[in-house]
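Descriptive structure summary
Chain by chain, the residues:
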Amino acid sequence: MAERGLFSGVFARGGADTGDRAWLAAMLHTEAALARALERAGLAPAGAGAAVTEAADAGTIDAAGLGREAALTGNPVPALVRALAASVPPAAAAAVHKGATSQDIIDTAAMLLARSALAAVAADMSAAADAAAALAAGYRDTVMIGRTLLQQAVPVTFGLVAAGWLTGLDEARAGLGRVRAGRLAVQFGGAAGTLASLGADGPRVAALLAEELGLPLPVLPWHTDRLRIVEVAASCACAAAVLGKIARDVTLLAQSEVAEVREGDEPGEGDEAGEGTGRGGSSAMPHKRNPVAAIAILGCTRQVPGLLATLTAAAEQEHQRAAGAWHSEWEPFSGLLRLTGSAASWGTELLAGLTVDPARMRANLDAAGGFPLAERVSGLLAPAVGAVAAHDLVAEASAAAAAAGLPLRAALLGDPGLRGRLDAAGVTPAQVESALDPAGYLGAVGEFVDAALAAHGAAAD
């Protein structure tokens, strides 16, 4: 179980555990696998692998103590090796860390953590995608106003909005899967990437270590080739970007003045009956219904780009081992996996519980007074009067309607001058009424939603 801290409820949800105990377990798992590989290669006495594995699983090594001793060597592995070797019989002690360097253990542990974390993130992304698919299908034809540059544009459907979320989630999840399947690898190169201390047996031990851990064997040690780290981070950043976009949409749609969606009801901590503050309450304003899940996602995802930048900058490493750049990776890498995992966990809850208000969507659309359909009316007039004249006529009608506080329809059909120009162009009131119907100006929305749902179904098969 991950350590629980003051902010863990927001920033450490889900299954992406990269806390101190998880790191320690991954390093011990690597040391134990190395001992077993050495025994299988005939370079350690019989029973050494089992002895080291048993000691590694005992849970007696203190992460905080290793952290204090790390100040002497620049990383916690030397202290870990001493503690592990002291906890096994003398005959097995020689198998602890044989042929390895500290970076081998930490980098391999990072790959093990990434393997687990990426699987957890992908699972939550998949669940979130399923929830988005249900929204896309359920609201395929629910008309709402589309918004560009935060201003009302032309009609869309909420199904299209959810389909956009769905496609992003599916693509980000596929990216996580590609990295997890193809870019993780064991690290085992010894002091300078040559495995010289193991002689001719080095490559064979590396292959056995990879087999013990279930990690791919790279072409050669990658001590100062940090593309794997960057690619893990980038796949997480893509997932965070998708989740952040969804969360930002929800915060905007859930504003009191918009109120087209709201988060599902959740009781507060220790408030199983749903009484008291509950989810979304405010410490100062009893009336508030804050979109907590969306806000928490944004709190996580806003931190991710900076962590990705740090890891990318750290990829510039000197010779066969970096002086500081490698060390600078550990905490950003941990944080990026943790925050992405937390955002994905929140995203699953957000989408599964999202409440949609079609009536409010329609009311907001109607409140626009038909102005979002001005483009369509211009298109109706263009064949008869030309594109420029059509644009000018509708612009004049829009200005008159806005000045009088009237809907566009009233200006087009109620003003005698404008009505006469429409009649002269052969445009009937029924045609104008039809052009101002938002449901008739949705383009390929239904086709796009269906395509997103079909792609999601194919990805799940």
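Within each chain, residues carry numbers counting from 1 in the order of the written sequence. The model is predicted, so local features are restricted to residues of pLDDT at least 70 and side-chain atom pairs to those at 80 or more, both for listing and for counting; the totals for chains, interfaces and linings are taken over all residues. To get the side-chain values, all heavy atoms of the structure are used, and hydrogens and water are removed first.

This paragraph deals with unusual backbone geometry. Residues other than glycine predominantly adopt negative phi, and peptide bonds predominantly adopt the trans conformation. Even without a glycine there, the phi angle at Leu195 is positive, about 55 degrees. For Leu195, the position within the fold is in the loop between helix H8 (158–182) and helix H9 (202–213). Each residue is assigned to one of three classes by its accessible area relative to the maximum for its type, calculated with a 1.4 Å probe on protein chains only: buried under 20%, partly exposed between the two thresholds, exposed over 50%. A residue is classified by how much of its surface remains accessible, and Leu195, at 8% relative accessible area, is buried. The phi dihedral of His319 is positive, around 45 degrees, even though this residue is not glycine. Only runs of H or I of at least four residues qualify as helices and only runs of E of at least two qualify as strands under DSSP, and these elements are numbered from the N terminus. Its location among the elements puts His319 in the loop between helix H12 (304–313) and helix H13 (330–352). By relative accessible area, His319 is classed as exposed at 69%.

In this section: the nonpolar core. Residue types Ala, Val, Leu, Ile, Met, Phe, Trp, Tyr and Cys, when buried and joined through side-chain atoms within 4.5 Å, form a set referred to as a nonpolar core. Counting residues in each nonpolar core, the largest one holds 125 residues, and the members touching the most others are Met125, Phe158, Trp165, Leu169, Phe188 and Leu351. If we skip the residues at most four places from it in the chain, Met125 touches Leu169, Ala172, Arg173, Leu176, Ala239, Leu243 and Ala344. We call two residues in contact whenever any of their non-hydrogen atoms come within 4.5 Å of each other.

Within helix H5 (residues 77–86), the full set of buried residues consists of Val77, Ala79, Leu80, Val81 and Leu84. Elements that come into contact with the buried residues of H5 comprise helix H2 (20–40), helix H3 (48–57), helix H4 (63–73) and helix H7 (102–138).

Taking a probe equal in size to a water molecule and rolling it over the atoms shows the remaining empty space. When its volume is computed, the largest pocket comes out at roughly 770 Å³. Mapped by element, the contributors of at least two residues to the lining of the largest pocket are helix H1 (8–11), H2, H4 and H13. Looking at the lining of the largest pocket, the element that brings in the most residues is H13, giving five residues. When grouped by side-chain class, the residues that make up the lining of the largest pocket number 14 nonpolar, 10 polar and seven charged. As defined here, a cavity is a set of points on a 1 Å grid over the protein atoms alone where a 1.4 Å probe fits but cannot get out. A pocket is an open set with protein on both sides within 12 Å along at least five of seven lines, and residues line them when an atom is within 4 Å of a point. Grid points are joined across faces, edges and corners, and a volume is the space filled by probe spheres set on the points. Under the convention adopted here, Pro, Cys and the residues Ala, Val, Leu, Ile, Met, Phe, Trp and Tyr are nonpolar, Asp, Glu, Lys and Arg are charged, and Gly plus all remaining residues are polar.

This part covers empty space enclosed by the protein. Applying the stated rule across the entire model yields one cavity of 30 Å³ or more. The volume enclosed by the largest cavity comes to roughly 50 Å³. Counting residues per element, the ones that place at least two in the lining of the largest cavity are H7 and H13. Counting residues per element, the lining of the largest cavity draws most heavily on H7, which supplies three residues. When its residues are assigned to classes, the lining of the largest cavity shows seven nonpolar, no polar and three charged.

A word on the packing of helix H15 (residues 374–385) against helix H16 (residues 387–404). A fitted line through C-alpha atoms represents every axis, and for helices the fit uses only the stretch in contact; the resulting angles, taken between N-to-C directions, go from 0 to 180 degrees. Orientation of H15 relative to H16, taken along the N-to-C sense of each, is 140 degrees, at an axis distance of 7 Å. When the axis of H15 is compared with that of H16, the two are oblique. At the point where H15 passes H16, the crossing takes the right-handed sense. Two secondary-structure elements touch here, H15 through Ala374, Val377, Ser378, Leu381, Ala382 and Val385 and H16 through Ala387, Ala389, Ala390, His391, Leu393, Val394 and Ser398. Within the contact of H15 with H16, the residues separate by chemical class into 10 nonpolar, three polar and no charged. An angle below 35 degrees is read as roughly parallel, one above 145 as roughly antiparallel, one from 65 to 115 as roughly perpendicular, and any other as oblique. Each crossing is labelled by how the near helix is turned from the far one, with a counterclockwise turn of less than a right angle marking it left-handed and a clockwise turn marking it right-handed.

Turning to the packing of aromatic side chains, a few remarks are in order. Centres within 6.5 Å make a pair out of two Phe, Tyr or Trp rings, where for Trp the six-membered ring is used; the pair is then stacked when the planes are under 30 degrees apart, edge-to-face when over 60, and tilted otherwise. Under the criterion given, the structure shown has three aromatic pairs. A centroid spacing of 5.8 Å and a plane angle of 85 degrees characterise the contact between Tyr139 and Phe158, whose relative ring orientation is edge-to-face. A residue pair is termed long-range when its members are at least 10 positions apart, and Tyr139 in the loop between H7 and strand E1 (143–148) and Phe158 in helix H8 qualify at 19 residues. Judged by centre distance (5.8 Å) and plane angle (85 degrees), the ring pair of Phe158 and Trp165 falls under edge-to-face. Here Phe158 matches Trp165 in class, with each residue buried. Counting every residue linked through ring pairs, the aromatic cluster contains Tyr139, Phe158 and Trp165. Over the aromatic face of Trp346 sits the side chain of Arg13, whose NZ or CZ is 3.9 Å from the ring centroid. Only lysine NZ and arginine CZ atoms are considered, and such an atom sits over a ring when it is within 6 Å of the ring centre and within 35 degrees of the ring normal.

The values reported here are purely geometric and, on their own, carry no functional implication.
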